[in-house]
Structures are given as C-alpha cells and as structure tokens.
Amino acid sequence: MRRTIIAANWKMNMLSKEVVDFFAEFGNTALNSEREVIIAPAYPYIKMSAELAAGKNITIAAQDVYPKAEGAFTGMVGGKMLADLGVKAVIIGHSERRRIFGEPNDLIREKVKFVQENGLHLIFCVGETLPERESGVMFDVLKEQIYSAFDDNLTLPPEKITIAYEPVWAIGTGVTATPEQAAEMHTFIRKILKGRYDYADSRILYGGSVKPENIQGLMANEDIDGALVGGASLKASSFMKLVNF
Ligand code: PEP
C-alpha cells in the first residue's frame, strides 16, 4: 500500500512572516490527515520551518543539495548542513535546476547517490518540454532522465525513492496535464520502476499547476501517488485543501 504524498515546493518564495503565518494557519492539518505531507522551504527558512512543523507530522525537505558533506564550495549547501537543519527529504532534478542552472544528468546522478548515502528521502523530478511532447519523444526523454540517474545507483528502499513527473510545460503555467496524459506517463514510469529496478512500490507524484480544483481528477489513477505543488502550496488555505483532497 503506497501512502499518498502531498509535497510543497516553495521555491524562492516566502519570507519569515509568511512562513510563521503559514504554519499558524496550517495548524494540525497534517496530523489529522492520512497523507504524508512534505514541505520544501528555501534554505534560509528551513530551520524555522522545521521548528514550526515539529510534532505536526510534516517532513521538511530541501529543494536541492550540493553533493558534498562540507568544504570549499562557495555559495553551496551540503549534506552536513541539511542534517543540522532537520531536513529529511531532498528534491533533485527539478526542471528549473536543469533548465535555468544548466544541471546536467551526470551532476544529477551524483546528487541522487549523495541523497541516498545520507539516508534522505529522494524526490526525483523528471519531465518533458512542450517541443519534446509535440514531437512525440516524451517517453525517450523520461527514459534518459531516469536511466542516467538510477541505473546501478539505487541503494535505499522503494519507500525512500519517489519520482515526481512534472511536465515542464505545466509547471507554473496554469496549464495542467489532463488526467489521461498524466496517467499515461505515470503508468510508463511505473513499468520502468518495476521492470528495470524492481522498485514497483516507489511513489510517483504528479506536478504541474496542481490546484484544489483539479487535484481530485489527477489523483484518480492508481499509478498517481500524490502531488508536488508549487504555486498552490504558498497559501495555507489552498495547501490544506490539497492535503485533504
Ligand atoms: C513545481 O515547480 O514543482 C510545480 C509543480 O510548480 P507549480 O505547481 O506552480 O506548477
């Protein structure tokens, strides 16, 4: 039985007061839910989020990590820092990191390895761009993203390996994949997880303009195990609805 995950990616949003207000309004929503709730604040707000979330059944995640414990890596945040801050999960391979910061597959593979070596829950993002979908190569794109990161590189059990299918054309655009489009891709990913890695029990989240109004339809498919949410996770009222969809 795969437990549904509802995860928030706050990206480069939310200042101290907004974080405090969010947790005050969000209250014990996660405690009263059967869902696994994950929140990924920006680095400077991880510690205060972990403190505000204590005892509330919320896992605090990082949006990225530099794959070293510590050292001379100006501007980076590494493994020891994440552990010190109370982080239990890390998002790797988000399309904004791939696209805006030019993260290549070999660095992403290193991060996937590092997150597992540190015993953290890996949330690994994959997804095709609009031109890739329009030219029909989306399955090949996903294969390359998954194979390059996972082949001979999975060490943690399936419950600590989660894939987020996030079509790039749906992220922050207000355009959502239809439940049929999402289901097709999730079923494809499940086949890979099962056949190539024996990880059929890993969870697969959908991400891309998920909102309280569309989550129900998207979550109806048995291969969709939850959502990774950007914009609609920034307001407690909206994220509460998503957690309790
Ligand atoms: C995301 O960036 O992971 C995301 C899904 O964003 P949004 O919900 O805003 O499309």
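One numbering rule holds for all chains: residues counted from 1, following each sequence as written. Whole-chain, interface and lining totals are the exception, using all residues; otherwise, since this is a predicted model, local features are given only for residues with pLDDT of at least 70 and side-chain atom pairs are given and counted only at 80 or more. For the side-chain quantities, the full set of heavy atoms in the structure was used; hydrogens and water were omitted.

Chemist: Would you mind going over the sheet that holds strand 6 (residues 161-165) with me for this structure?
Modeler: Strand pairing in a sheet is mediated by backbone hydrogen bonds. Such pairs are either parallel or antiparallel. One closed barrel accounts for 8 strands, arranged 1-2-3-4-5-6-7-8; its pairing is parallel. Going across the sheet, the axis of each strand differs from the next one's by a mean of 25°, ignoring polarity. The pairing criterion for strands is at least two bridges between them, as found by DSSP. By the criteria applied, helices consist of DSSP H or I runs no shorter than four residues and strands consist of E runs no shorter than two, each listed in order from the N terminus. The sheet contact formed by strand 1 (residues 5-9) and strand 8 (residues 226-229) spans 4 bridges and is parallel. Among the inter-strand pairings, alanine 7 is bridged to a residue of strand 8, identified as leucine 228. We call two residues contacting when some pair of their heavy atoms lies within 4.5 Å. For helices, the fitted axis covers only the stretch in contact; all axes are lines through C-alpha atoms, and the angles between them, taken along N-to-C directions, range from 0 to 180 degrees. Seen against the sheet, helix 7 (residues 138-150) touches strand 5 (121-126) and strand 6 and runs at an angle of roughly 150° to strand 5.

Chemist: What should I look at first to understand the site of the ligand in this one?
Modeler: Nearness is defined per residue: one heavy atom within 4 Å of the molecule or strand is enough. The environment of the ligand is made up of 14 residues, and the closest members are Lys11, His94, Glu166, Gly172 and Ser209. Distance and chemistry together define a polar contact, namely a pair of N or O atoms within 3.5 Å, with one atom able to donate a hydrogen and the other to accept it when in protein, and with adjacent residues in sequence counting only for side-chain atoms on both sides. Separating an oxygen atom of the ligand from a side-chain N or O atom of lysine 11 is a distance of 2.5 Å. A distance of 2.7 Å separates an oxygen atom of the ligand from a polar side-chain atom of histidine 94. Isolated, the ligand exposes 290 Å² of accessible area, and the fraction of that covered by the protein chains is 96%. The method behind every accessible area is Shrake-Rupley, applied with a 1.4 Å probe, and residues are considered shielded solely by the protein chains displayed.

Chemist: Even after reading the chapter, I still don't get the side chain of histidine 94, so can you show me in this structure?
Modeler: The topology assignment puts histidine 94 in the loop between strand 4 (89-92) and helix 4 (95-99). Side chain to side chain, histidine 94 and glutamate 166 meet in a polar contact 3.4 Å long.

Chemist: In this structure, what is going on with the packing of helix 1 (residues 16-26) against helix 2 (residues 46-53)? I would like to understand it.
Modeler: Helices that pack against each other are described as a pair by the angle of their axes relative to one another and the distance between those axes. Between helix 1 and helix 2, the least distance of the axes is 10 Å, while the angle of their chain directions is 20°. As summarised for this structure, helix 1 and helix 2 are arranged roughly parallel, according to the angle between their axes. Crossing geometry of helix 1 relative to helix 2 is assigned as right-handed. Between helix 1 and helix 2, the contacting residues are Ser16, Val19, Val20 and Phe23 on the first element and Met48, Ser49, Leu52 and Ala53 on the second. Any angle that falls under 35 degrees is termed roughly parallel, while one over 145 is termed roughly antiparallel, one within 65 to 115 roughly perpendicular, and all others oblique. By the definition used in this description, the sense in which the near helix is turned from the far one sets the handedness, with an anticlockwise turn below a right angle giving left-handed and a clockwise turn giving right-handed.

Chemist: Can you help me understand the pattern of salt bridges in this one?
Modeler: Where side chains of opposite charge bring their charged atoms close, a pairing between them can arise. One side-chain nitrogen of Lys or Arg within 4 Å of one carboxyl oxygen of Asp or Glu is enough to make a salt bridge. All chains considered together, the criterion is met by 16 salt bridges. With a closest N to O distance of 2.7 Å, arginine 97 and glutamate 103 form a salt bridge. Overall, the relative accessible area of 8% leaves glutamate 103 in the buried class. The partner of glutamate 128 in a salt bridge is arginine 133, and the shortest N-O contact between them spans 2.8 Å. Three exposure classes are used, based on accessible area relative to the maximum for each residue type with a 1.4 Å probe and protein chains only: buried under 20%, partly exposed in between, and exposed over 50%. By relative accessible area, glutamate 128 is classed as buried at 0%. Judged by its relative accessible area of 15%, arginine 133 falls in the buried class. What you see here is one network of salt bridges that share partners, running through Arg2, Arg190, Asp223 and Asp225.

Chemist: Hey, could you run me through the nonpolar core in this one?
Modeler: Note on soluble globular proteins: their nonpolar side chains tend to be buried together. As used in this record, nonpolar core signifies buried Ala, Val, Leu, Ile, Met, Phe, Trp, Tyr and Cys residues forming a set joined through side-chain atoms within 4.5 Å. Counting residues in hydrophobic clusters, the biggest one holds 68 residues, and the most contacted among them are Phe124, Phe150 and Phe239. Per-element tally for this core: the top contributor is helix 8 (residues 179-197), with 7 residues. Apart from the residues lying within four places of it in its own chain, the contact partners of phenylalanine 239 are Ile6, Ala7, Ala8, Phe22, Phe26, Val37, Ile38, Ile39, Ala232 and Ser233. Formed by 12 residues, the second largest nonpolar core is a distinct cluster that contains Ile38, Ile91, Ile123 and Leu228.

Chemist: How should I be thinking about the side chain of glutamate 166 in this particular structure?
Modeler: As for its position among the elements, glutamate 166 is in the loop between strand 6 and helix 8. Buried charge without a salt bridge: glutamate 166, with lysine 11 as the nearest opposite-charge side chain at an N-O distance of 6.7 Å. Residue contacts for glutamate 166: discarding those within four places in its chain leaves His94, Cys125, Val126, Gly127, Ile171, Gly207, Gly208 and Leu228. Charge convention: Lys and Arg are scored as positive, Asp and Glu as negative, and His as well as the terminal groups of each chain are ignored.

Chemist: I would appreciate a short explanation of the pairing of strand 2 (residues 36-40) in the present structure.
Modeler: Taken residue by residue, a regular strand's side chains alternate between the two faces of the sheet. Burial analysis of strand 2 places 5 of its 5 residues in the buried class, which makes it a mostly covered element. Burial along strand 2 is two-sided: Glu36, Ile38 and Ala40 and Val37 and Ile39, pointing in opposite directions, are all buried. Both strand 1 and strand 2 contribute to a ladder of 5 bridges, which runs parallel. Bridge pairing links isoleucine 6 to valine 37 in strand 2. A clockwise path from the first strand over the helix to the second, with the strands pointing away from the viewer, defines a right-handed crossover. Regarding topology, helix 1 serves as the crossover connection from strand 1 to the parallel strand 2, and that connection is right-handed. Examined bridge by bridge, strand 2 and strand 3 (residues 58-62) share 3 bridges and lie parallel to one another. Bridge pairing in strand 3 links isoleucine 39 to isoleucine 60. Running through helix 2, the crossover from strand 2 to the neighbouring parallel element strand 3 is right-handed.

All quantities given are derived from atomic positions and should not be read as evidence of function.
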